[in-house]
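# Results of the structural survey
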Amino acid sequence: MNSTIMGLFAQTSIAAGTGQSLGVIDLPIMREAPTGYPVVFGSALKGAMRAKSEIVNEAVTKEIFGDDDKGGSKYAGALIVGDAKLLLLPVRSMTTHFKWVTCPYLIERFKRDLQMCGKSCEFESVAIKEFDAAFVPDDGNEGVLYLEEFAIECKKADLSKLIEAIRVLMGEDKSRLEKQLVIVSDDMFNHLSQFATPVNAHIAIDSATKIVENGALWYEETLPPETLLYSVLLANGSRKAESNGLNLPDKVMEQTKAIFADKYLQVGGNETVGMGWCKVVFNG
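In short, a report on the structure. (Residues numbered from 1 in each chain as written. Predicted model: local features only at pLDDT ≥ 70, side-chain atom pairs only at ≥ 80, totals over all residues. Heavy atoms only, no water.)

## Some details on the overall build of the protein chain
- A tally of regular secondary structure across the protein chain gives seven helices and 14 strands.
- In terms of C-alpha radius of gyration, the protein chain reaches 20 Å, essentially the compact-globule figure of 19 Å for 284 residues.
- Dimensions of the protein chain, computed from C-alpha atoms along their principal axes, come out at roughly 65 × 60 × 30 Å.
- Put simply, 65% of the contacts in the protein chain that link residues at least 6 apart link residues at least 24 apart.
- Entry remark: accessible area of the protein chain is about 13800 Å², with carbon and sulfur atoms responsible for 50%. (Helix = DSSP H or I, 4+ residues; strand = E, 2+ residues; numbered from the N terminus. Rg over C-alpha atoms; globule rule 2.2 N^0.38 Å. Contact = heavy atoms within 4.5 Å. Areas by Shrake-Rupley, 256 points an atom, 1.4 Å probe, with all protein chains shown as cover.)

Set out below in structure tokens:
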């Protein structure tokens, strides 16, 4: 089996919703059940990847993602697509440029996923106990930082190895991370991930009268641009009886990277209004 980490760096807002609501938001985004953190479930991500693959290289799509003929599937896909997990959440600041915010739990989970894929993870784990405390890189600013409505006391720490691991998934120069990365406590991040995501009101216009239709008002939650997600990909050999050269896991992963690496993938809904576009980068 071959494995890798695929980074998804949001270029536009992502409307990966659940399709139903139990609260005041009509169309909330997908969230993990135990943590409440935003996520794009593997089934939704795999569907988006399959649609892209059919455009780029239809000949290998069924072997990579599975046979989906209406008469009944004959074999499963060779590629296993994990959930797209949150790593960096952009949060507005009242005193400076927006910050990329993460927390010790997300860093530790990222480290475990790297280890599972046999990737380098030399960065150290981080521990923050205070709700209103945070760490910033050596090039960041110490003192009070305002994130949303919170005043947070920042201290400098050597985060160079962590920044390098994250930079690889973004395909960006590390200088931005050195200035904008902030690590807050798990409790603080839990609050920010619940209440710092955009919620926008939408209406429907009657095409004849050009006024708002009665009752056509709904609220939609999105993940903002600059969000960084990542997914674990695992490749087996093709399960098709007569393989198209993808009988080995390495060949499947090689073809997957050829289709998606350093390209753009549309994830979630509202494609026709420009939502869901992500830059795809692989960690090796």
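## Describing helix α2 (residues 58–65)
- Along α2, the residues that are buried comprise V60, T61, E63, I64 and F65.
- In the core, the buried residues of α2 are packed alongside α1 (42–56), β3 (79–81) and α7 (249–260). (Buried < 20%, exposed > 50% of the residue type's maximum accessible area, 1.4 Å probe, protein only.)

## Some thoughts on a negative patch on the surface
- On the surface, E130, D132, E142 and E153 cluster together to form a negatively charged patch.
- By the element assignment, D132 lies in the loop between α3 (104–116) and β6 (133–136).
- Of the residues examined, D132 reaches a relative accessible area of 42% and is grouped as partly exposed. (Patch = residues over 30% accessible without salt bridge, like charges linked within 9 Å, V, L, I, M, F, W, Y side chains within 5 Å. Salt bridge = Lys/Arg side-chain N within 4 Å of Asp/Glu carboxyl O. Lys, Arg positive; Asp, Glu negative; His and termini not counted. Charge placed at Lys NZ, Arg CZ, Asp CG, Glu CD.)

## Digging into the environment of K210
- Note on placement: K210 falls in the loop between β10 (199–205) and β11 (212–221).
- Here the side chain of K210 touches S207 through a polar contact of 3.1 Å, landing on its backbone oxygen. (Polar contact = N/O pair within 3.5 Å; in protein donor to acceptor, adjacent residues only side chain to side chain.)

## What to know about the packing of aromatic side chains
- Under the definition given, this model contains eight aromatic pairs.
- With centroids separated by 6.1 Å and ring planes inclined at 50°, the aromatic side chains of Y37 and Y105 adopt a geometry described as tilted. Within this pair, whereas Y37 is found in the loop between β1 (2–10) and β2 (39–40), its partner Y105 is found in helix α3, the two being separated by 68 residues in sequence.
- Residue Y37 is classed as buried on the basis of its relative accessible area, which comes to 4%. (Phe/Tyr/Trp six-rings, centres within 6.5 Å; stacked < 30°, edge-to-face > 60°.)

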